[in-house]
Amino acid sequence: MALPLAEAFTARSLGVLWNNYEKTLGAAPYLGRQKFGTRKQDGLSLRFIKGKNGLPVSLKASNFDAQAELRDVGGFSDIQNKMPFYRESYMVTEEEEQMYDNYRSSENSALANDVLREISKKPMMLIEGARVVPERQIWQLLAPADGIPRVQVTIGGKSFYVDYTGDDGAEHKRDHFVDISSSSTDKWSASATATPLDDLIEERRNFAKKSGYSLTRFTMNTETWEMVLKAEDTKKQVLGIVAYQGGIRLQQSQVTEYLRGYGIEIEVYDKLYIDPADGKTKYFVPTGVVSATCAGVYLGDYVFGKTPEERSGSLTDGNLSIVETGISVYTYATNHPINTHCVVSMIGLPTFEGMDSVVVMKVA
């Protein structure tokens, strides 16, 4: 006979189920999370020190037997934010509980497992939604359409921003944001006149001269990448004028190999999510935006906080489970009406020590 629902539908069992469920998804891991480390802390405050880590400043000459001149180590920013809290719940209805109990006590008790599996799918959806949060936050820092790295949080229909620049972002945009979308001839959607290959190569060269950072990875979604491929100038540059006039078809691999010769690796990232604020499906990397980063540069960590459920729940009793480092799964029952609830919650925010090594290009 199947277990009673109070014993079968617990946070502990849901945590085990999630680990198995994740393996069967077969989905590629989130790209943004791969670029950041992961750590856990107890408090809500997130603090990190950001410094200018580009070009080294030459050591000054000195006289022998003279006091060494003290170097000014300015250029550091102490950034502090409070990490936002995310939480949603799912309730097993009395009707679902009754259905499970009927099958559990029937001769064909195996059907109870089918009902339990369907009931447990909804908490899996909540955990999947929690995993979207870090990825969405990271790309709001790496690929903001307005060039200002900040995390948008919407509560009760009202939005506010977690700031990472300490001002309105104007100073950061001067060196880390390139906007060619306003030009009717330069924007990448103008395939007859746009020169996307030159734009990428030129920005890599200019940023290296200015900052000392060597941009190597340029991330965009498929719609933006297709603008690169459709540009007439791309076909001429890659194929050569003779092949271009002969109508030879351009292949994606030819373009990526061409750019690789200039030290540029293209990452096409097409994962989507549904924005709870408006219910629309969106790319993590917006169309018309290119995020350029440097290989080997530490960007930051994704930091999870300790949720109220984690403080109150019990791993021993089975009403609490922690998945994906910092996502809390918590179950409890109410006496009237008689329902079983599952709460999925998380507190988290990325640090962004490497923001000075990132350039955002708005190309369409």
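This structure is a prediction, so every number in the text was calculated from the model and none was measured.

Undergrad: Can you help me understand empty space enclosed by the protein in this one?
TA: Remark: the empty space left among the atoms is shown by a probe the size of a water molecule rolled over them. Following the criterion strictly, the structure yields 1 cavity of 30 Å³ or more and no others. The volume enclosed by the largest cavity comes to roughly 50 Å³. Along the walls of the largest cavity sit Leu141, Pro144, Gly147, Pro149, His172, His176, Phe352, Met355, Val358, Val359 and Val360, which together make up its complete lining. Tallied by class, residues from the lining of the largest cavity come to 8 nonpolar, 3 polar and no charged.

Undergrad: Quick question: what am I supposed to make of the packing of aromatic side chains here?
TA: Inspection of every chain in the model, using the stated rule, returns 11 aromatic pairs. Plain terms: the ring middles of Tyr302 and Phe304 are 5.0 Å apart, the flat faces sit at 70 degrees to each other, and that makes the pair edge-to-face. Each of the two residues, Tyr302 as well as Phe304, counts as buried. Taken together, the aromatic side chains of Tyr30, Trp139, Tyr269, Tyr273 and Phe284 make up a single cluster linked through ring pairs. When the ring centre of Tyr161 is taken as origin, the NZ or CZ atom of Arg150, which lies over that ring, is 4.0 Å away.

Undergrad: Explanation requested: the packing of helix H7 (residues 196–211) against helix H11 (residues 252–260) in the structure shown.
TA: In a packed pair of helices, the relevant descriptors are the angle between the two axes and the axis-to-axis distance. Where H7 meets H11, the axes come as close as 11 Å, and the angle between the chain directions of the two elements is 25 degrees. As far as their axial angle goes, H11 and H7 are roughly parallel. With respect to the hand of their crossing, H7 and H11 are arranged in right-handed fashion. Residues Leu197, Leu200 and Ile201 of H7 pack against Val255, Tyr258 and Leu259 of H11. Residues belonging to the contact of H7 with H11 are distributed by class as follows: 6 nonpolar, no polar and no charged.

Undergrad: Any chance you could explain the layout of surface pockets here in plain terms?
TA: Reported here for the largest pocket is a volume of approximately 1,300 Å³. Along the wall of the largest pocket there are 43 residues; nearest its centre are Glu128, Gly129, Ala130, Val132 and Val133. Secondary structure elements with two or more residues in the lining of the largest pocket: helix H2 (11–25), strand S4 (85–92), helix H5 (110–142), strand S5 (150–155), strand S10 (272–274) and strand S16 (339–350). For the lining of the largest pocket, the leading source of residues is H5, giving 12 residues. Residue composition of the lining of the largest pocket, grouped by class: 24 nonpolar, 9 polar and 10 charged.

Undergrad: Whenever I open this one, the sheet that holds strand S7 (residues 177–179) confuses me. Can you help?
TA: Consider a sheet: its strands pair through backbone hydrogen bonds, and that pairing is either parallel or antiparallel. In space, the 5 strands of this open sheet follow the order S7-S17-S12-S8-S9, with mixed pairing throughout. Each edge of the open sheet is held by one strand with a lone partner, namely S7 and strand S9 (265–268). Taking each pair of neighbouring strands and ignoring which way they run, the sheet shows an average axis angle of 20 degrees. As judged from the 3 bridges shared by S7 and strand S17 (residues 359–362), these two strands associate in the parallel manner. Looking across to S17, one finds that Phe177 is bridged to Val360.

Undergrad: When you look at the nonpolar core in this model, what are you seeing that I'm missing?
TA: The tendency in soluble globular proteins is for nonpolar side chains to be buried as a group. One finds Trp139, Leu142, Tyr164 and Phe352 to be the most contacted residues of the largest nonpolar core, which totals 29 residues. Those elements that place two or more of their residues in this core are H5, S5 and S16. Here the element with the most residues in this core is H5; it accounts for 5 residues. With residues near it in sequence (within four places) discarded, Leu142 still touches Lys35, Phe36, Ser291, Thr293, Leu299, Phe352, Val358 and Val360.

Procedures and definitions
- Per-chain numbering applies: the sequence of each chain, read as written, is numbered from 1 onward.
- Two thresholds apply to this predicted model, a pLDDT of at least 70 for residue-level local features and 80 or more for giving and counting side-chain atom pairs, whereas whole-chain, interface and lining totals are computed over all residues.
- The basis for every side-chain value is the complete set of non-hydrogen atoms in the structure, without hydrogens or water.
- A cavity here means a set of points on a 1 Å grid, drawn over the protein atoms and nothing else, where a 1.4 Å probe fits but cannot get out; a pocket is an open set with protein on both sides within 12 Å along at least five of seven lines, and a residue lines either one if it has an atom within 4 Å of a point.
- Grid points are joined across faces, edges and corners, and a volume is the space filled by probe spheres set on the points.
- Under the scheme applied here, ten amino acids are nonpolar (Ala, Val, Leu, Ile, Met, Phe, Trp, Tyr, Cys and Pro), four are charged (Asp, Glu, Lys and Arg), and all others, including Gly, are polar.
- Pairing of aromatic rings covers Phe, Tyr and the six-membered ring of Trp, with a centre-to-centre limit of 6.5 Å; geometry is then stacked below 30 degrees between planes, edge-to-face above 60, and tilted otherwise.
- For every residue, the accessible area obtained with a 1.4 Å probe (protein chains only) is divided by the maximum for its type, and the residue is called buried under 20%, exposed over 50%, and partly exposed between those limits.
- Here, a charge over a ring means that NZ of Lys or CZ of Arg falls within 6 Å of the ring centre while also lying within 35 degrees of the ring normal.
- Axis lines are fitted through C-alpha atoms, for helices just across the contact stretch, and the angle between N-to-C directions can take any value from 0 to 180 degrees.
- To qualify as a helix, a DSSP run of H or I must reach at least 4 residues; to qualify as a strand, a run of E must reach at least 2; elements of each kind are numbered from the N terminus.
- Here the word oblique covers every angle except those under 35 degrees (roughly parallel), over 145 (roughly antiparallel) and from 65 to 115 (roughly perpendicular).
- For a crossing to be left-handed, the near helix must be turned anticlockwise from the far one by less than a right angle; the clockwise case is right-handed.
- Should any heavy atoms of two residues lie within 4.5 Å, those residues are counted as being in contact.
- A strand pair is defined by DSSP finding two or more bridges across the two strands.
- Among buried residues, those of type Ala, Val, Leu, Ile, Met, Phe, Trp, Tyr and Cys that are joined through side-chain atoms within 4.5 Å constitute a nonpolar core.

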